[in-house]
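# Structural overview
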Amino acid sequence: MTDDAAELRASDADRERVAEVLRDALAEGRLDMEEFEERLDATYQARTYGELAPITRDLPVGAVAVPKADMVKRAGAEDGTWAERIVGGEGSSTWGVAVMSGFQRKGRWTAPKRFTCFSFWGGGEIDLREADFADREIQINCVVIMGGAQVIVPPGVEVVVRGVGIMGGFEHREEGVPGDPGAPRVIVTGFAFWGGVGVERKLTRAQRLELREERRREKLERKAQRRELD
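Summarised in this report is the structure supplied together with it.

The rules behind the values
Residues numbered from 1 in each chain as written. Predicted model: local features only at pLDDT ≥ 70, side-chain atom pairs only at ≥ 80, totals over all residues. Heavy atoms only, no water. Helix = DSSP H or I, 4+ residues; strand = E, 2+ residues; numbered from the N terminus. Buried < 20%, exposed > 50% of the residue type's maximum accessible area, 1.4 Å probe, protein only. Contact = heavy atoms within 4.5 Å. Areas by Shrake-Rupley, 256 points an atom, 1.4 Å probe, with all protein chains shown as cover. Polar contact = N/O pair within 3.5 Å; in protein donor to acceptor, adjacent residues only side chain to side chain. Pairing = 2+ DSSP bridges. Patch = residues over 30% accessible without salt bridge, like charges linked within 9 Å, V, L, I, M, F, W, Y side chains within 5 Å. Salt bridge = Lys/Arg side-chain N within 4 Å of Asp/Glu carboxyl O. Lys, Arg positive; Asp, Glu negative; His and termini not counted. Charge placed at Lys NZ, Arg CZ, Asp CG, Glu CD. Expected span 1.5 Å × (residues − 1). Arc of directions from axis to C-beta. Core = buried A, V, L, I, M, F, W, Y, C linked by side-chain atoms within 4.5 Å. Phe/Tyr/Trp six-rings, centres within 6.5 Å; stacked < 30°, edge-to-face > 60°.

### Quick look at the overall build of the chain
Helix and strand counts for the chain come out as 6 helices and 13 strands. Looking at the chain as a whole, 43% of its 230 residues qualify as buried. Sequence-distant contacts, at least 24 apart, represent 68% of the contacts inside the chain between residues at least 6 apart. In the form shown here, the chain has an accessible surface area of approximately 12,400 Å², with 50% of it arising from carbon and sulfur atoms.

### Things to note about the side chain of Ser-119
Its place among the elements puts Ser-119 in strand 4 (residues 114-120). Reaching out from Ser-119, the side chain makes a polar contact with the backbone oxygen of Gly-148 at a distance of 3.3 Å. Leave out the neighbours within four places in its chain, and Ser-119 touches Ala-98, Val-143, Val-144, Ile-145, Gly-147 and Gly-148.

### Here's the deal with the pairing of strand 4
Of the two faces of strand 4, only the one carrying Phe-115, Cys-117 and Ser-119 is buried; Arg-114, Thr-116, Phe-118 and Phe-120 on the other face are not. Pairing geometry for strand 1 (residues 95-99) and strand 4, over 5 bridges, is parallel. In the sheet register, Val-97 faces strand 4, and the bridge partner there is Phe-118. Where strand 4 meets strand 7 (residues 137-145), 7 bridges bridge the pair, whose relative direction is parallel. When the sheet's bridge partners are listed, Ser-119 is paired in strand 7 with Val-144.

### Quick word on a positive patch on the surface
A grouping of Lys-202, Arg-205, Arg-208 and Arg-212 is seen on the molecular surface, where their side chains present a positively charged patch. Assignment of secondary structure puts Lys-202 in the loop between strand 13 (196-201) and helix 6 (205-229). Note on Lys-202: relative accessible area 30%, which makes it partly exposed.

### A word on the pattern of salt bridges
Scanning the model with the defined rule gives 12 salt bridges in all. Close ionic contact of Glu-16 with Arg-23 constitutes a salt bridge, the shortest N to O distance being 2.4 Å. By relative accessible area, which is 30% here, Glu-16 ends up partly exposed. Between Glu-158 and Arg-185 there is a salt bridge, with its nearest N and O atoms 3.5 Å apart. Taken together, the positions of Glu-158 in strand 9 (residues 158-161) and Arg-185 in strand 12 (residues 185-193) put the pair 27 residues apart, joining distant regions of the chain. Residue Arg-185 is classed as partly exposed on the basis of its relative accessible area of 23%.

### Considerations on helix 3 (residues 33-45)
For helix 3, spanning 13 residues, the distance from its first C-alpha to its last is 18 Å, which sits close to the expected 18 Å at 1.5 Å a residue. Along helix 3, the positions that sit buried rather than exposed are Met-33, Phe-36, Arg-39, Leu-40, Thr-43 and Tyr-44. Down the axis of helix 3, the buried side of the element spans an arc of 135 degrees, and every buried residue falls inside it. Exposed side of helix 3, more than 90 degrees from the buried face: Glu-34, Glu-38 and Gln-45 are the residues found there. Of the surrounding secondary structure, the elements contacted by the buried residues of helix 3 are helix 2 (12-27), helix 4 (49-52) and helix 6. Two or three places before Glu-34, at the opening of helix 3, Asp-32 has a side-chain oxygen 3.3 Å from that residue's backbone nitrogen.

### Structural notes on the nonpolar core
Grouped together as the largest cluster of nonpolar side chains are 28 residues, with contacts concentrated most on Ile-126, Leu-128, Ile-140, Cys-142, Val-151 and Val-186. Tallying contributions element by element places strand 7 first for this core, with 4 residues. Setting aside anything within four residues of it in sequence, one finds Ile-140 in contact with Phe-115, Ile-126, Leu-128, Val-151, Val-186, Ile-187, Val-188 and Thr-189. Listed in part, the 18 residues of the second largest apolar core include Ala-25, Leu-31, Leu-52 and Leu-59.

### Examining the packing of aromatic side chains
Inspection of every chain in the model, using the stated rule, returns 3 aromatic pairs. Ring geometry for Phe-120 versus Trp-121: centroids 5.7 Å apart, planes at 0 degrees, classification stacked. Its relative accessible area of 27% is what places Phe-120 among the partly exposed residues. Centre to centre, the rings of Phe-193 and Trp-194 are 5.7 Å apart; their planes meet at 0 degrees, and the pair counts as stacked.

The structure is reproduced here in structure tokens:
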């Protein structure tokens, strides 16, 4: 695996492939229950291919549990997941204003190439988790005066923050996280005076429930396998 591939973000499907290898290894006696649980926990906590690769390196078919760099690039170009959400056009909304009030852009909408929001003694929310994108790169310009704005992006999207704050600020914690192949790039710019612009990465409620259900099923399977071994 090349350094570039190691830094790419792993998907839920990638983690599930590694978990399947671990379950097979447990059933075949290659791992004991304690080691299985340790590796499984590491699998679901892994964020990149580089973190996943060592988990199955000493197991049969472990080398193919995590895609190679060229496979990752092909998947990003061909699986259509992000390509279907980059739809072009002008966007369904290009601005939002909150003056002693609030606004929201959320759910199914098309984020334009440039979205501008202004908040004065108020707050705005720009939620991109279920949005389509007018372009591969979009810019969200936030002007906040004694107020706030919140930008929410889905996992896999690259984030760049370039805003300036005076007695206020822009949140930078989501910067530096590599995006998925083919995923949009979101640039957050603007100015904050006695206010703040937050940027966070979140799953939708449906995705959180699905992930919780997967974890519940995984725990039940582990308990069942432990009883069989006992």
